[in-house]
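Structure assessment
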Amino acid sequence: MRSIPSKIQNLAVHQDFAVLPKTFRTYLPYLTLLLWVMPIVLLRYPQQSLMAHDEGIYATQARAILQTGNWLAPQWGGAYSFDRTIGIQWLIAVCYLLFGVNEGSARLPSAIALLISTILVYQIGTRLLNARIAWIAAAVFSVIPLVVQYGRLATQDAALMGVEVVAIWALLNAETIAPWGLLAGSMFGIGFMIKGFMIIPAAIALLPYLWQRKQHWKNRWLYVGFGLGLLIPIAWLTLSTMKYGSDPINQLFGKLFHLKGQTYQGAGTFYYFWNIPANGFPWVFFALGGLWLVITHAAIRSFVKAKSLLIGFPIILFIELTIFGTKTHYYPIQLMPFVGWFAAIALHHLARLYLE
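Quick notes on the rules
- Residues numbered from 1 in each chain as written.
- Predicted model: local features only at pLDDT ≥ 70, side-chain atom pairs only at ≥ 80, totals over all residues.
- Heavy atoms only, no water.
- Helix = DSSP H or I, 4+ residues; strand = E, 2+ residues; numbered from the N terminus.
- Contact = heavy atoms within 4.5 Å.
- Core = buried A, V, L, I, M, F, W, Y, C linked by side-chain atoms within 4.5 Å.
- Buried < 20%, exposed > 50% of the residue type's maximum accessible area, 1.4 Å probe, protein only.
- Salt bridge = Lys/Arg side-chain N within 4 Å of Asp/Glu carboxyl O.
- Phe/Tyr/Trp six-rings, centres within 6.5 Å; stacked < 30°, edge-to-face > 60°.
- Axes fitted to C-alpha atoms, helices over the stretch in contact; angles between N-to-C directions.
- Parallel < 35°, antiparallel > 145°, perpendicular 65-115°, else oblique.
- Nonpolar A, V, L, I, M, F, W, Y, C, P; charged D, E, K, R; others polar.
- Left-handed = near helix turned anticlockwise from the far one by under 90°.
- Polar contact = N/O pair within 3.5 Å; in protein donor to acceptor, adjacent residues only side chain to side chain.
- Expected span 1.5 Å × (residues − 1).
- Patch = residues over 30% accessible without salt bridge, like charges linked within 9 Å, V, L, I, M, F, W, Y side chains within 5 Å.
- Areas by Shrake-Rupley, 256 points an atom, 1.4 Å probe, with all protein chains shown as cover.

Looking now at the overall build of the chain. Scanning the chain for helices and strands turns up 19 helices and two strands. Within the chain, contacts between residues separated by at least 24 positions form 77% of all contacts whose residues are at least 6 apart in sequence.

What follows is the structure, encoded as structure tokens:
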């Protein structure tokens, strides 16, 4: 064995914090992650203005909700527009009610979504990997450049990612406690309210895992949750069409077909092959190493659970995003929790190689 500095030896001996009280050990990972993440998302220059275009749109539409009392129609420039759903505007409007109309309130839903996602990346990691790798994964996930950027912006994207992480966490819990399926199922409707049809690719990406874990198909709680979640967009669209005619349906589906057929600033087929590494640097490269280890390293592959989820979800979602006509740098934020898990596997393996 190589000569290891005494501090590293001590860390190896006490790496599980066995000398600490049990209650403190239980909450220590969460406390350290919150202390790590909260400054990243909450500390900002107080006079930082909203960015064009999306931040200004959602913040203005949320303010219009409070000014007019109209919680149905996304309003812009004195007119209504149903080219997008209204979930993030509702969340921002609630923050305005609680904390006043300002930039910090507009960005608070995204910050909360990032905090919740970080904690759940750790929780999911403890089920799929182990507690040590899970903590590394959550710490890495929270500093991926794309995650940090959109965790600080008043847009839909961090909230959508948070909805998907909650759904995955609830599904894993539902493997042993069926009523968790209620929460998992409801996330589809909530995700639709946040970012419309973009929730569908994530649902499709779950199919390999759901195919392997066939008990979910027999979980009535999952169907009840799915139905309850869908009641929200169904009620919103029903009330909107009663008031505005067919415009809500026409504009919402029209935006879908518009996005399907266009590209963003000339982005081609291979856009994500360079854009994801650029916006996830350097962690995407560690993640590719972690994915390779899971596939080829027998010892690592043996302790990784639910490989159909850990491997299947990001591969299928990546293919879907690549095929979809519109390509933007923020759509892949949905892949970043997986970048965190795979990067943590690679980093943990490198650390073990060094200590041996």
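Once that is clear, we can look at the nonpolar core. Ranked by size, the top nonpolar core spans 101 residues in total, and within it Leu309, Leu310, Met336 and Ile345 carry the most contacts. In this structure, Leu310 is in contact with Leu128, Leu129, Val304, Phe338, Trp341, Phe342 and Ile345, ignoring residues within four places of it in sequence.

This part takes up the pattern of salt bridges. Applying the stated criterion across every chain, the model contains four salt bridges. Close ionic contact of Glu175 with Arg213 constitutes a salt bridge, the shortest N to O distance being 3.1 Å. Placement of the pair is Glu175 in the loop between α8 (157-174) and α9 (180-195) and Arg213 in the loop between α11 (207-212) and α12 (220-244), with a sequence separation of 38 residues. The class of Glu175 is partly exposed, set by a relative accessible area of 23%. Judged by relative accessible area, Arg213 falls into the buried class, the value being 19%.

This next bit is on the packing of aromatic side chains. Here the structure, examined in full by the defined rule, presents 19 aromatic pairs. Ring centres 5.3 Å apart and planes at 90 degrees place the aromatic pair Phe192 and Phe197 in the edge-to-face group. For the pair Phe192 and Phe197, one class covers both residues: buried. Judged by centre distance (6.0 Å) and plane angle (75 degrees), the rings of Phe281 and Phe285 are edge-to-face. The exposure class assigned to Phe281 is exposed, which follows from its relative accessible area of 51%. What makes Phe285 partly exposed here is its relative accessible area of 46%.

Right, let's get into the packing of helix α15 (residues 283-296) against helix α19 (residues 336-355). One way to put it is that α15 packs onto α19 with a least axis distance of 7 Å and a crossing angle of 75 degrees. On the basis of the axis angle, α15 is roughly perpendicular to α19. Facing α15, whose interface residues are Trp283, Val284, Phe286, Ala287, Gly289, Gly290, Leu291, Leu293 and Val294, α19 presents Val339, Phe342, Ala343, Ile345, Ala346, Leu347, His349 and Leu350. Grouping the amino acids of the contact of α15 with α19 by side-chain chemistry returns 14 nonpolar, three polar and no charged.

Attention shifts here to the packing of helix α5 (residues 103-128) against helix α6 (residues 131-141). Contact pair α5 / α6: the axes reach a minimum separation of 7 Å and the direction vectors enclose 155 degrees. As far as their axial angle goes, α6 and α5 are roughly antiparallel. Helix-helix and strand crossings are classified by hand; for α5 and α6 the assignment is right-handed. Contacts between α5 and α6 involve Leu114, Ser117, Thr118, Val121, Tyr122, Gly125 and Thr126 from the first element and Ala131, Ala134, Trp135, Ala137, Ala138 and Phe141 from the second. Of the residues in the contact of α5 with α6, the class split is nine nonpolar, four polar and no charged.

We now examine the side chain of Gln61. By secondary structure assignment, the location of Gln61 is in helix α3 (residues 54-68). According to the relative accessible area criterion, Gln61 is buried, its value standing at 3%. A polar contact of 2.7 Å, which involves the side chain of Gln61, links it to the side chain of Gln89. With sequence-adjacent residues up to four places away left out, Gln61 is seen in contact with Pro74, Gln75, Trp76, Arg84 and Gln89.

Attention now moves to α3. Taking 1.5 Å per residue as the helical rise, α3 with its 15 residues ought to reach 21 Å, and the 21 Å between its terminal C-alpha atoms agrees with that figure. Buried residues of α3: Glu55, Gly56, Ile57, Tyr58, Ala59, Gln61, Ala62, Ala64 and Ile65, and no others. In the segment just after α3, Gly69 is the residue with positive phi, at about 75 degrees.

Let us look at a nonpolar patch on the surface. Nonpolar side chains collect at one region of the surface, where Trp71, Val94, Leu97, Leu98 and Phe99 lie side by side and expose about 520 Å² of accessible area between them. You can see Phe99 is positioned in helix α4 (residues 87-99). Overall, Phe99 belongs to the exposed group, its relative accessible area being 53%.

Before going further, it helps to examine unusual backbone geometry. Residue Pro282 is reached from Phe281 by a cis peptide bond, and omega for that bond is -5 degrees. In this fold, Pro282 is placed in the loop between α14 (271-279) and α15. Even without a glycine there, the phi angle at Ala306 is positive, about 50 degrees. By secondary structure assignment, the location of Ala306 is in the loop between α16 (298-303) and α17 (307-310).

Residue position: Val121 is located in helix α5. Looking at Val121, the relative accessible area reads 0%, which means it is buried. Expressed as a C-alpha distance, the spacing of Val121 and Ala137, which sit 16 residues apart in the sequence, is 7.1 Å. For Val121, the residues in contact, after removing those within four places along its chain, are Ala137, Ala138, Phe141, Val165, Pro337 and Trp341.

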